[in-house]
Amino acid sequence: MRDGKGQAMGWWTKHASGIEAMAALVTACVAIAALVGAKIQLDHADLVQREQSARDAYRAHLALAATRPEFARPVDSCQLVQSNEGGAYIAFVDHLLYSAEQMLAVEEGWSLTFLDQLAPHQDYLCSLEGVLPLEDGVAALMDRFTDAYCPVEPVCGPGG
């Protein structure tokens, strides 16, 4: 008669390779789950950072608009581009487009806000049709803007 200890050791010995294979499989599954979890966490952190960056860019643009209301709502953008302030005004509009690009890349629902922000710059922006290199989100926005606001013949000459 064999004792219980011997039978147990015999079972472990007999099934050791299967147990090792199962342990390796469980270890691999845990490692894969950890990698997937890390990827999800990194992607979420990246999205949060891009959202914050977009909000910061828009906030900076609003602050700039508050300090330069003549750029935010120009009386004559064509004349403004040709003035001594032309470079600063062009940079202002570029910053608005940059803010739009950043925000539209991370959040939906901002198109109407940016269309409203772009409307006062209609004459200048319509004179640039096809000139600006634009990312997908802001390119779609500018297509909507062009369709809604730009006349067949631009008011300003090419480039301002």
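The model shown is predicted, which means the values in this text are computed figures rather than measured ones. The residue numbering used here restarts from 1 in each chain and proceeds along that chain's sequence as written. Per-residue local features of the predicted model are confined to residues with pLDDT of at least 70, and side-chain atom pairs are confined, for both listing and counting, to 80 or more; whole-chain, interface and lining totals are unaffected and use all residues. Side-chain descriptors were evaluated using all non-hydrogen atoms of the structure, hydrogens and water having been removed beforehand.

Colleague: How should the packing of aromatic side chains be read in this particular structure?
Modeller: Given two aromatic rings, their pairing is described by the distance between the two centres and the angle made by the two planes. Each Phe, Tyr or Trp ring, with Trp reduced to its six-membered ring, pairs with another whose centre is within 6.5 Å; inter-plane angles below 30 degrees give stacked pairs, above 60 give edge-to-face pairs, and intermediate values give tilted ones. A full pass over the atoms with the stated rule returns seven aromatic pairs. Arranged with centres 5.9 Å apart and planes meeting at 40°, the rings of W110 and F114 form a pair that is tilted. For F114, a relative accessible area of 0% gives the class buried. With a centroid separation of 4.7 Å and an interplanar angle of 25°, the aromatic rings of F145 and Y149 are classed as stacked. The buried label applies to any residue whose accessible area, calculated with a 1.4 Å probe on protein chains only, is under 20% of its type's maximum; exposed applies above 50%, and partly exposed to all values in between.

Colleague: Help me out: how do you make sense of the nonpolar core in this one?
Modeller: By nonpolar core we mean a set of buried residues, namely Ala, Val, Leu, Ile, Met, Phe, Trp, Tyr and Cys, connected to one another through side-chain atoms within 4.5 Å. Ranked by size, the top nonpolar core spans 28 residues in total, and within it L118, L125, L141 and F145 carry the most contacts. Going along the chain from the N terminus, every DSSP run of H or I of four or more residues is numbered as a helix, and every run of E of two or more is numbered as a strand. Put simply, the parts of the chain that give this core at least two residues each are α1 (4–67), α2 (69–72), α3 (77–82), α4 (86–106), α5 (111–118), α6 (122–127) and α7 (136–149). Top contributing element to this core by residue count: α4, with nine residues. The contact criterion used is simple: two residues touch if any of their non-hydrogen atoms lie within 4.5 Å. Ignoring any residue separated from it by four or fewer positions in sequence, one finds F145 in contact with L115, L118, A119, Q122, L125, C126 and C150.

Colleague: I tried to follow the environment of V93 on my own but got confused; where do I start?
Modeller: Along the chain, V93 falls in helix α4. Separated by 21 residues in the primary sequence, V93 and A72 have C-alpha atoms spaced 8.5 Å apart. When neighbours within four sequence positions are excluded, V93 is seen to be in contact with H121, Y124 and L125.

Colleague: Sorry, what's going on with the pattern of salt bridges here?
Modeller: One side chain can pair with another of opposite charge once the charged atoms of both are near each other. Throughout this description, the term salt bridge denotes a Lys or Arg side-chain nitrogen within 4 Å of a carboxyl oxygen of Asp or Glu. Considering all chains together, one arrives at six salt bridges under this definition. A salt bridge links R59 to D56; the nearest nitrogen and oxygen atoms lie 2.8 Å apart. On the criterion of helical spacing, the pair formed by R59 and D56 is a turn pair, its members being three residues apart in helix α1. With a shortest N-O distance of 3.0 Å, R68 and E85 are connected by a salt bridge.

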